Amino acid sequence: MNEPTVEGRKLSRSFGWLALLGTLLVIAGVIGLVYTGVATLTSMLLFGWLLLVGGLVGLLHAIESRGTNYFWLGVVVAALNIAAGVVVIKHPEGTAEALTMFAALLFLTGGVFRLVGSVVVRGPQMGWTLLQGAFGLLLGLLVLFDWPHSSLYVLGCFFSLALLFDGLGLIAFGLGGRRIVSMVSGRHDETAPNADEPINSPGDERK
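On a predicted model such as this, the values are computed, not experimentally measured, just so you know.

About the cut-offs
- Residues numbered from 1 in each chain as written.
- Predicted model: local features only at pLDDT ≥ 70, side-chain atom pairs only at ≥ 80, totals over all residues.
- Heavy atoms only, no water.
- Helix = DSSP H or I, 4+ residues; strand = E, 2+ residues; numbered from the N terminus.
- Buried < 20%, exposed > 50% of the residue type's maximum accessible area, 1.4 Å probe, protein only.
- Contact = heavy atoms within 4.5 Å.
- Areas by Shrake-Rupley, 256 points an atom, 1.4 Å probe, with all protein chains shown as cover.
- Expected span 1.5 Å × (residues − 1).
- Arc of directions from axis to C-beta.
- Patch = residues over 30% accessible without salt bridge, like charges linked within 9 Å, V, L, I, M, F, W, Y side chains within 5 Å.
- Salt bridge = Lys/Arg side-chain N within 4 Å of Asp/Glu carboxyl O.
- Axes fitted to C-alpha atoms, helices over the stretch in contact; angles between N-to-C directions.
- Parallel < 35°, antiparallel > 145°, perpendicular 65-115°, else oblique.
- Nonpolar A, V, L, I, M, F, W, Y, C, P; charged D, E, K, R; others polar.

> Any chance you could break down the overall build of the chain for me, citing the residues and the numbers?
Helices and strands together make up the secondary structure of the chain, namely seven helices and zero strands. In the chain, the order of α-helices and β-strands from amino to carboxyl end is α-α-α-α-α-α-α. Out of the 207 residues in the chain, the part that is buried amounts to 24%. Here the analysis covers contacts within the chain between residues at least 6 apart in sequence; of these, 81% occur between residues at least 24 apart. For the chain, the exposed area adds up to about 14,300 Å²; of that, 71% sits on carbon and sulfur atoms.

The structure is reproduced here in structure tokens:
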């Protein structure tokens, strides 16, 4: 009888931890939006360490698979990841400038392609596509004209917004999960028979 209740409490606790993690991510995202320079450097350092750790793990896998056709390819890819991770960790400002320039070029090319494509195709979503293309083109120009100073806040702003929206999603998922678990547990408690009430047998009813 008590097993569903125990499982429900475990599930509710797990969803509560998800909501707590989401709250922490939201707080980190808000702080990052206030201090975009710190968020940019933090995101670059995290990116560098991810490359470094991923390169080391890839190198270990390549060593384990030595003798196969993919050994040297795995070694080369792992070495490139390790080298890139070391460069990013040692020069986070320069990496932020390079990635900001790359992001600006992506915004520009994406905006131009959307504008040209919407004019040529003239589909039912032409107005929305034109708006997206104009926004991407404008954003790319703003980032490019303010480069390299824009590298101090662009990547940090994107990183903080990602944390903020991921945190809000985890909070909604955690609170919704706890609500569903509580509703299911409540219904089970209502339908469960009371142990204090005597259960009449068919013979008792005939008497």
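The rest of the description comes next.
> Can you tell me about helix α5 (residues 126-145), naming the residues and giving the values?
Turn by turn, an α-helix covers 3.6 residues, leaving residues three or four places apart pointing in a common direction. The end-to-end C-alpha separation of α5 is 28 Å, in line with the 28 Å expected for 20 residues at 1.5 Å each. Along α5, the residues that are buried comprise Gly133, Gly136, Gly140 and Val143. When α5 is viewed along its axis, its buried side chains cluster within an angular range of 105 degrees and face the same direction. For α5, exposure combined with an orientation more than 90 degrees from the buried face picks out Gly127, Leu131, Phe135, Leu142 and Phe145.

> Describe a nonpolar patch on the surface, and please don't skip the residues or the numbers.
Nonpolar side chains collect at one region of the surface, where Trp17, Leu20, Leu24, Ile27, Val30, Ile31, Val34, Tyr35 and Val38 lie side by side and expose about 920 Å² of accessible area between them. Take the nonpolar patch: its biggest share by element is seven residues, from helix α1 (residues 3-34). With respect to the element layout, Val30 can be found in helix α1.

> Which residues make up the packing of helix α2 (residues 36-64) against helix α4 (residues 92-121), and what values go with them?
At a minimum axis separation of 9 Å, α2 and α4 run at an interaxial angle of 95 degrees. When the interaxial angle is binned, α2 and α4 end up roughly perpendicular. From α2, Thr40, Leu41, Met44, Leu45 and Phe47 reach across to α4, where they touch Pro92, Glu93, Thr95, Ala96 and Leu99. Of the residues assigned to the contact of α2 with α4, the class counts are seven nonpolar, two polar and one charged.

> Requested: an account of helix α3 (residues 71-90), with residues and values cited.
Over its 20 residues, α3 extends 29 Å from the first C-alpha to the last, a length consistent with the 28 Å expected when each residue adds 1.5 Å. For α3, the full list of buried residues reads Phe71, Ala78, Gly85 and Val88. Down the axis of α3, the smallest arc covering the buried residues is 130 degrees, so these residues share one side. In this structure, α3 carries Trp72, Leu73, Leu80 and Lys90 as exposed residues pointing more than 90 degrees from its buried face.

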